[in-house]
Structures are given as C-alpha cells and as structure tokens.
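Summary of structural features
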Amino acid sequence: MRKQRGLSIISMLVFAFLIIPMIIIVVTSFGENPSIQFPIQGFTFDWYLNVFETNSLIQSFFLSIQISMIATILALLVGIPAAYALARYSVKGRDILKSFFLSPAMIPGVVIGYALFQFIVIQFQMPIFQGLLLGHFLISLPYIIRVVGSSLEQLDFSIEEVAWTLGCTRVRAFVKIVLPNIQAGIFASFMLAFINSFNNIPVSQFLSGPGVTALPTSLMNYIEYNYDPTVSALSVLLMVGTVILMYIIEKTLGLASIS
Amino acid sequence: MTYVDLKDIRVSYDGKNNILKDLNLSIEKGELVSLLGPSGCGKTTTLRVIAGLIEPNDGDFVVDNKNLTRVPVHKRNFGMVFQSYALFPHLTVKENVGFGLKLRKEDKTTMNPKIQDILEVTGLAELGDRYPKQLSGGQRQRVALARALVIEPKLLLLDEPLSNLDAKLRVQMRIEIKRIQRKLGITSVFVTHDQEECFSISDRVAVMNNGIIEQFDTPEEIYNRPKTEFVARFIGFENFFNLTKQGEKTYTTSEGHMLKTSQSWDDTKLVATIRPDDINILPKGTEQDTNMIPGKVVVRTFLGKSYQYEVETNVGKILVNGPKETAYSSGEELLLQFPEEKLILV
Amino acid sequence: MKNKAPFILLTPGLILLIVFMFLPLVTIIWPTFYDGKLTFGSYLSFFQDNYNLSVFWRTLRVSLIVTLICILLGVPTAYYIARTSKKWRGLMMAMSLFPLLTNSVIRSFAWINILGTNGVINDFLMKLGIITEPIKMLYTDSAIVVGSVYLFLPLMIITLVGVIENIDLEMVEAAETLGANRLTAFMKVVLPLSLPGIIVGSILVFSGTLSAYTTPQLLGGNQNMMLSTFLYQNAMTLGNWQSAGVIALIMIVTTIIVMKLFNMIAAKFDKRGGEHA
Ligand SMILES: Nc1ncnc2c1ncn2[C@@H]1O[C@H](COP(=O)(O)OP(=O)(O)O)[C@@H](O)[C@H]1O
Ligand SMILES: [Mg+2]
C-alpha cells in the first residue's frame, strides 16, 4: 500500500468524529455530578443503578423487546412466502409488487406513524399496543423482503424440483430444502429488522400511551425533562447490547452480510 | 411394446408461441432414449413434461398404460438428474441419497442397505459423510445419479448430466451411466446436444428441432441415413446440392452430371448430401464416369489426420477430406467421386 | 400457466399492507383534498404561509447540505477503507456500522452533550478563556446538520465501500502509467466509477435527513422545525389533522421527486448506461 497521507488524515478525522461522541457518553455516565459534565468529577456507578430503578425505562425496555420481537417474527411469517413467490415465479407485475412490499421503507416514518395513529387509535379505537405492533411490522417487512429475497435469488431452485421428483410435496420441499438453504438470509434479515425496529423513533412516537411506550420514546421523554447521566448510563448499556449483537453477527454470518 | 408414450404434446410458456408442437415419442421398456438437438429446441421442456414439472397445454403422457398427464410430480416416482446436479447443499452424500427413501417412510433396516448398495454401484462408498461442497464434479454427478436411482424409479430422466464435466471425465461417466442403466434395466431419457455422447450411449435417438422430433431411430441409422436436411446437417453432413430424378436410383445434377444412389425415393426433386470423409479424390485426367464431378481446389487446410479441401465445382463448394500422403495445392484441378452407398438423399 | 401458489403466498402480505398502510394513508390524505368537493386549497394555503415555507425550505436545505457533507467526507473515507489491508478494513467497517446500529436518540444525545450551553465545547473554550459567554450552538440549524451528518455519514461510507471495493485497482494504475497523477487518477477513474454508489448513498442520506425525527427534535428544538417535527406538532400538539395530512403528502412527494432527480442526475453522468437503484 502506498502512502496516501491526505486520505488517511481525512479518514482518521472522520473516525474520530464518529467515535468521540460515543466515548464522551461512556465517560460521562460515570461522573458524580448530577448534570452531565465532561471531563467528569469523581467516579460512580450510581447512574447505572438509577437506570434500573427508573420504572418507566425498564418497562419500556421490555415493551420494546416484545414489540420488536413479535413484529419481526410476523414480518418473517408474511415476508418469507412473499419473497419466495416474487423470486420463484414470474408473476405478472412482479416489479410493482416488489416495490409495494418495499414501500414502507420509502415512506417517511412519521407519516406511517401518524397514519396508523389516525386509523387504528382514532378511527377504530383499537388499543395502542396493536397500532405499535403493526407499525413495527410495516417497517420490518422491507428488510425481510430485501434480504431474504436476495438469498432466494441466489438459490438454484432445481434443488427444490429435485425434491419434488423424489416425492416431496410443495410445502415439505419448501420446509426441508428451501428454508435450510436461506437460513443465513433469514437470520440476517431478522437481525436487521429487529435492530431497526428496536431503535425506531418516528413510528413509535405517535403510538405511545399509558404503559405502552417504546424505549426510544421513553428515553426521549426522559431527556426532555431530566438532563442527568442516567441517560448516559442507559446509552452505554444499549451500546453494549449493540456490540454483543454485532459480535454475534460477525461470528455467525460476518458483518458484511448486513452492510 | 410401448412403455412410455408422449402423444401430441403441446407446450407454450406464454400462451402464444408453442415450444413443443404436437410432439410424439414412444419409448420401450428398459430402453435408453436420447433427445438430441441444438440448444433451445425444447429438449429440457420435453423432459420436464415427462417429469411432471410442466403440465402440457395439450396432449397425453402415458406410462405403462396409465395416463399420468395430470399426476403431480411428487407422485410419479421418476428419478431426475439435473444439469447443475441440484444436490442439497445442507445434506451429506448419504442424506442426499437417502432423502427419497426417507420420504417413503422406509425404516432404517431396509433403507441403509439400499443406500449402501447404490453408493457402491456408483463408486461413492467412501464418501457418504461428505457434503456436496467437498466433492469433485464427477463425484457430485454420481451422487445425483445415486439419489435418482435409489428410489427405484419407473423412469430415469437426465438433463445434459455430463455437460459440466471436463472432456475425459465425460467419456468415463457416460460409460458408467450406460453400465448402471443396463445393470438396473431402467428405462431412461437422456438429454444432450453432443452427438458423439448421444450415439455412444443410446439405444435410440430422437433428433429434435424447433419443438418437433425430426427423426427417431437407432444411432447407426441416424448416422448413416439421416432423413431430413436438418438431421443431416446436425450430425456432420456438409455438402448439399439439388438433384433431379431420371430413373430408378438415377439422378442428375443441375449441370447434367449423372449420379447413382443406393437409396430410392419417389420425389423428382431432391437434395443430396455427403460427408467430407466419404468423398474420394481422383487426380485430373482420370476417366470421367458416373458419380464423378470435376472441381478446382480453393483452399487447403491441415486437420491433423487428413487434409481438408474446399473444392469449387459446378454444384457449388464441396468440402472434401483427403489423405495426408497426397497434398493438392490450391488452384489444382481434380475429380471428386461420390460412392453411391454414401450419397444420402434427404 | 394456471398456478395459484404465488397468489396464495403474496396475499397475506398484500392484505396487511393494504389495510394497515395504504388505507391509513388514504385516511389522512383524502380529507386534505376533499371537503364536500375536490380541492387543492389546503396545499395552496400551506405554501402561502411564510412559516410553513420556512420549515419546508429548511428541510430541503438541511438535507442538501447534509448530503453534500456526507459525500465530501464519505468518498475519501470509503476509498481509504476499501484500499486498506483486510484486517484494518474489518475494524473500520465495524466502526462505521456501530453508530448505524446505535439508537438515534443516543446519537443525538451525544451531540447535546457536546454542543449544549454547558457542553463539552463551550466548557473547553471558556476554560481556555477564549470566550466568556457560552456560544449558542444547540437548537440551531447547524446543530441539526451536524447531528444528521453524524447519523447518516456511516450509511454513505458503507454504501460506498461496497462499490469502491469492486473497482479494479489496476485501472487506477493504468491511469497513472498514462501520466495521470494520483489526484487526477482518483478524479478521473475512481470518482466516475463510484458514481452509482454515491447516488444510492445520497438518496439514502437525503431521504433519511428529510424524514428524520429525532435529530431535529432534540438538536433543533421548537424554533428550528423540520417537516417531520412540524408534522408531529400539528398532529399531536395542535390537533390540526388537516395540516398534518398536508405535510405527510408533501413529505412523501418530496421523497419521490428527490429519488427521481438523483436517478436522473446519475443517468446523465454515468457514461456506461444502465439503470440505478
Ligand atoms: N420457463 C420458461 N419460460 C419461457 N420460455 C421458456 C422457459 N423455459 C424455456 N423456454 C423457452 O423454450 C425454448 C426451449 O427451451 P428448452 O426446452 O430449455 O430448450 P433446450 O433444453 O433444448 O435447450 C427456448 O426457446 C426457451 O427460451
Ligand atoms: Mg436444456
């Protein structure tokens, strides 16, 4: 590799720009001062304790896990068959159908959130939980369609046909032959969809009510009223979660599979 | 006695163009029949109709006097070998081969010996626990074959199974396939576009063109007596020229040269053809006789085992192969002799 | 051919999308066109209001500036990553991916800490005695820009690395043997070939900034609304559902127009022909 000083300087600055703000959060989470300060004075784990004692945050955390999990699984159940149909058959209007399935990713999140709020909560008076779940289902679906779709496009469907000739029904061949061979894509799309659903703000922001508030929304509310290192501490915990997920992905699929 | 019968099969993918046009084919029990033809002529489509992967728009498909046209693929019990082998990447060789047996709810005590037997027959006995990725091309081919055979299919279907192998292995594998097919006595349909491969392996050959079967005969018959110009061209006949009938087995060229043939046809206007190898070259000055046409060498090329000449004659350009011992140079005049039993009318 | 399978497989998804996305969208947008008769009045009056216009233009301006900054920083960084040894590349990709997978609230919060009145920068400058009064950095357009660049730069980098990795290094060398210096080779070979990636990345960054909610909310505050926060305010604080519907459609249409525009630019500059994402 030849020296490219200009390039490396820019790149190092960019990485500093990306990483330093995170480091500041980590450092401030240990400061004793009740308002966020950098550099910190003293050293304490109190703010971490405080995270676990703040009911609204803990409750939201579990709600978010629940919502993201159910929504992503629902998106897999609906998305895998659809992606399969789009990859396997030359259906009429295939491109349009595919765009339609991907469209929740093109429509601004606040618009989806607001539309669902109007439709589910105002018009049909359904519980907010269902609205939140549907919203997260919608934003998860395009990830499944795109990632599982691209694994399916790389699949040699003659293995499925061979299974038929050997006596498999369609459903059985799909379960025993197709699914095992798109496992990696399913796992990658699950991870992506789950992480994005868990982190989503715009949709959740409209669909929040008593006892039903997603974690990012809770966090946002918390920041608006109390500016203390509890937020830093929770952020650090979530970042640790992200690192763990990234480690799992790297060990199983390789990070390249989700970028 | 006909075992497999395709009757007036018509297939159209888009509802407009017919890919198979009222195709008929009858295969006898235990026979290995090849479908031979250029790429795109409908060989795979025919095979997929037989397998049940495509339902024909018209026509009937009968095996052993049972009409199977509407029977779904998974109930037909045919073994199929795909061009890409289509091995299940997530299963070992044994699991690949045992896949069909497991579906038939066979128990371990009958299943394992069957798997072991077929692995031995196909020379895979040592490789049972490997995954497809860990096999060579030839080994994958054998697994695909074993997997199709172990279910004791009524019919074995092979779609260009050798086209992904290198030349040497291809010859080896086709002998292998023939041996196994003979041994098990299994009725087989073999798709290929390679005529040598096809002739060496088949009991009978169906030459396909554009959705129909042009000729269905033994390899010898097709090689020696192609019935149509397409078949002749496809199996290596080169020189085509028009003849007019004068009498029984006697014809003249447009320039009045007399040609005798061993074939007898009723049409008055015909096309004759002959392979470059089958023409004899006589030096200029030989006494002119029937079945001789004079010409002049245009180009000479060296083929290794012989010379090939492009000869200008009054029936057009004729390709001739001549022995290495005597080399004619371009511009030289000579006589071409067409042996009557080698001159084919189409 | 008569095959019901694709129909059966697609139906559940289609029904869910139609009922829970398409219909809700119609529910919020239809009233903006119809009050007894078909009318575009809501849209005309939206664009006649100076405040609304200022929000609209701010959104476009911020998105454009963010996109440009992301291109300027992203291209060299992605080029650098794509050309480093494999070991370092993995680490750098992980470093780009990490922010992307981190909650945007956290990422905006990071900049509150840095830009705030008592934030890292003001603290630092005051301690050094360079300033005596804190500078107002938070709750400005610039804060939104910085926060959005922080949010979307990783996306640009990762998109571009994928594209640049596929450019044959020999082409750069070939250009150099033909007498191009390193910068010229970069400008004449690498840049044009990265264009598809730049376009895809720009679409992601632009539409992302345009519809982001967290950053303008936390870093822009009430004085510096963008369309997304404006929509939220109209819908949830003011209860002005008519306006919220109008803003929703404007956001959708703007997103679509921007994508088409970027693709047109790409088609114009890309001399190899062919479509882009
Ligand atoms: N699934 C399909 N849809 C539309 N056309 C097809 C399909 N499969 C094959 N064809 C067309 O049918 C013709 C015959 O194809 P095929 O049977 O695969 O030929 P071969 O195996 O002899 O090369 C070709 O022109 C091909 O383009
Ligand atoms: Mg074929």
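Residues numbered from 1 in each chain as written. Chains lettered and ligands numbered in written order. Predicted model: local features only at pLDDT ≥ 70, side-chain atom pairs only at ≥ 80, totals over all residues. Heavy atoms only, no water.

Some remarks on the interface of chain A and chain B
Counted only if it meets this: In this description, contact between two residues means that some pair of their heavy atoms is separated by no more than 4.5 Å. Once two parts are brought into contact, the accessible area they lose, counted with a 1.4 Å probe and summed over both, makes up the buried area. Between Lys or Arg on one side and Asp or Glu on the other, a salt bridge is scored when a side-chain nitrogen of the former is within 4 Å of a carboxyl oxygen of the latter.
Listed per partner, the contact involves 18 residues of chain A and 19 residues of chain B. Interface of chain A and chain B: buried area, both sides summed, is about 1700 Å²; carbon and sulfur atoms make up 68% of it. For chain A, the biggest contributors to the area lost against chain B are Val162(A), Thr165(A) and Leu166(A); these three give 37% of the whole. Between Glu161(A) and Arg48(B) there is a salt bridge; the shortest N-O distance is 2.7 Å.

Concerning the pattern of salt bridges
Residues and elements named next belong to chain B. Using the following cut-off: Secondary structure follows DSSP: runs of H or I at least 4 residues long count as helices, runs of E at least 2 residues long count as strands, and numbering of each begins at the N terminus.
Applying the stated criterion across every chain yields a total of 24 salt bridges over all chains. With its nearest N and O atoms 2.5 Å apart, the salt bridge here joins arginine 204 to glutamate 31. On the criterion of sequence distance, the pair formed by arginine 204 in strand E9 (residues 204-209) and glutamate 31 in the loop between strand E2 (20-28) and strand E3 (32-36) is long-range, its members being 173 residues apart. The partner of lysine 94 in a salt bridge is aspartate 129, with the nearest N and O atoms 3.8 Å apart. Linking lysine 94 in helix H2 (residues 93-103) with aspartate 129 in the loop between helix H3 (108-121) and helix H4 (137-149), this pair joins segments that are 35 residues apart in sequence.

What to know about the interface of chain A and chain C
The cut-off we apply is this: In the analysis that follows, any N or O atom pair within 3.5 Å is treated as a polar contact, provided that within protein one partner can donate a hydrogen and the other can accept it, and provided that, for residues neighboring in sequence, both atoms belong to side chains. Residues are grouped as follows: Ala, Val, Leu, Ile, Met, Phe, Trp, Tyr, Cys and Pro are nonpolar; Asp, Glu, Lys and Arg are charged; all remaining types, including Gly, are polar.
The partner chain C presents 76 residues to the 77 residues of chain A that form the contact. The largest contributions to the chain A side of the interface with chain C come from Phe15(A), Phe17(A) and Tyr114(A), which together make up 9% of the buried area. Inspection of the region where chain A meets chain C yields zero salt bridges. Taken together, chain A and chain C are joined by six residue pairs in polar contact (both at pLDDT 80 or more). A total of 15 residues in the side of chain A that touches chain C trace back to one element, the largest contributor, which is helix H1 (residues 5-28) of chain A. Of the residues assigned to the side of chain A that touches chain C, the class counts are 61 nonpolar, 13 polar and three charged.

Regarding a positive patch on the surface
Here is the rule we go by: Each patch is built from residues lacking any salt bridge and having more than 30% relative accessible area; the joining distance is 9 Å for like charges and 5 Å for nonpolar side chains (Val, Leu, Ile, Met, Phe, Trp, Tyr). What sets the accessible areas is the Shrake-Rupley method with a 1.4 Å probe; for residues, cover comes only from the shown protein chains. When charges are tallied, Lys and Arg are placed among the positive residues and Asp and Glu among the negative ones, while His and the ends of the chain are skipped. For the purpose of locating charges, the reference atoms are NZ of Lys, CZ of Arg, CG of Asp and CD of Glu.
On the surface, Arg172(A), Lys176(A), Lys102(B), Lys105(B) and Lys108(B) cluster together into a patch of positive charge. Along the chain, Lys102(B) turns up in helix H2.

Things to note about the domain arrangement of chain A
All names here are of chain A. Selection rule: Either an automatic procedure or a domain database provided the assignment from which the domain bounds are taken.
Partitioning chain A into domains gives domain 1 (1-44) and domain 2 (56-258). Inter-centroid distance (C-alpha atoms) of domain 1 to domain 2 is 31 Å. At the interface, ten residues of domain 1 touch eight residues of domain 2. Summed over both partners, the interface of domain 1 with domain 2 comes to about 730 Å²; 75% of that surface belongs to carbon and sulfur atoms. For the domain 1 face of the interface with domain 2, the top three residues by lost area are Ile25, Ser29 and Ile36, together amounting to 58%. One can count zero salt bridges joining domain 1 with domain 2. A per-class count over the side of domain 1 that touches domain 2 returns five nonpolar, five polar and no charged.

Quick word on the packing of helix H7 (residues 158-165) of chain A against helix H8 (residues 170-181) of chain A
All names here are of chain A. In plain terms, the rule: Axis definition: a line fitted to C-alpha atoms, limited for helices to the stretch in contact. Angles are taken between N-to-C directions and run from 0 to 180 degrees. Left-handed is the label given to a crossing in which the near helix is rotated counterclockwise from the far helix by less than a right angle, and right-handed is the label when the rotation is clockwise.
Remark: H7 packs on H8, axes separated minimally by 9 Å, with the N-to-C direction vectors making an angle of 145 degrees. For the pair H7 and H8, the crossing hand works out as right-handed. Contact residues: Ile159, Glu160, Ala163 and Trp164 in H7; Arg170, Ala173, Ile177, Val178 and Asn181 in H8. Here the contact of H7 with H8 is composed, by residue class, of six nonpolar, one polar and two charged.

Topic: the packing of aromatic side chains
The line we're drawing: We call Phe, Tyr and Trp rings a pair once their centres come within 6.5 Å, taking the six-membered ring for Trp, and we label the pair stacked below 30 degrees between planes, edge-to-face above 60, and tilted otherwise. Only protein chains enter the accessibility calculation, which uses a 1.4 Å probe. A residue is then buried if its area is under 20% of the maximum for its type, exposed if over 50%, and partly exposed in between. Our definition puts a charge over a ring when NZ of Lys or CZ of Arg is within 6 Å of the ring centre and also within 35 degrees of the ring normal.
Per the counting criterion, the structure on display carries 36 aromatic pairs over all chains. Centre to centre, the rings of Tyr307(B) and Tyr309(B) are 6.3 Å apart; their planes meet at 40 degrees, and the pair counts as tilted. Classification of Tyr307(B) as buried rests on a relative accessible area of 16%. Since its relative accessible area comes to 0%, Tyr309(B) is described here as buried. Counting every residue linked through ring pairs, the aromatic cluster contains Phe61(A), Phe62(A), Phe190(A), Phe194(A) and Phe198(A). Seen from the ring of Trp164(A), Arg170(A) lies directly overhead, with NZ or CZ sitting 3.9 Å from the centre.

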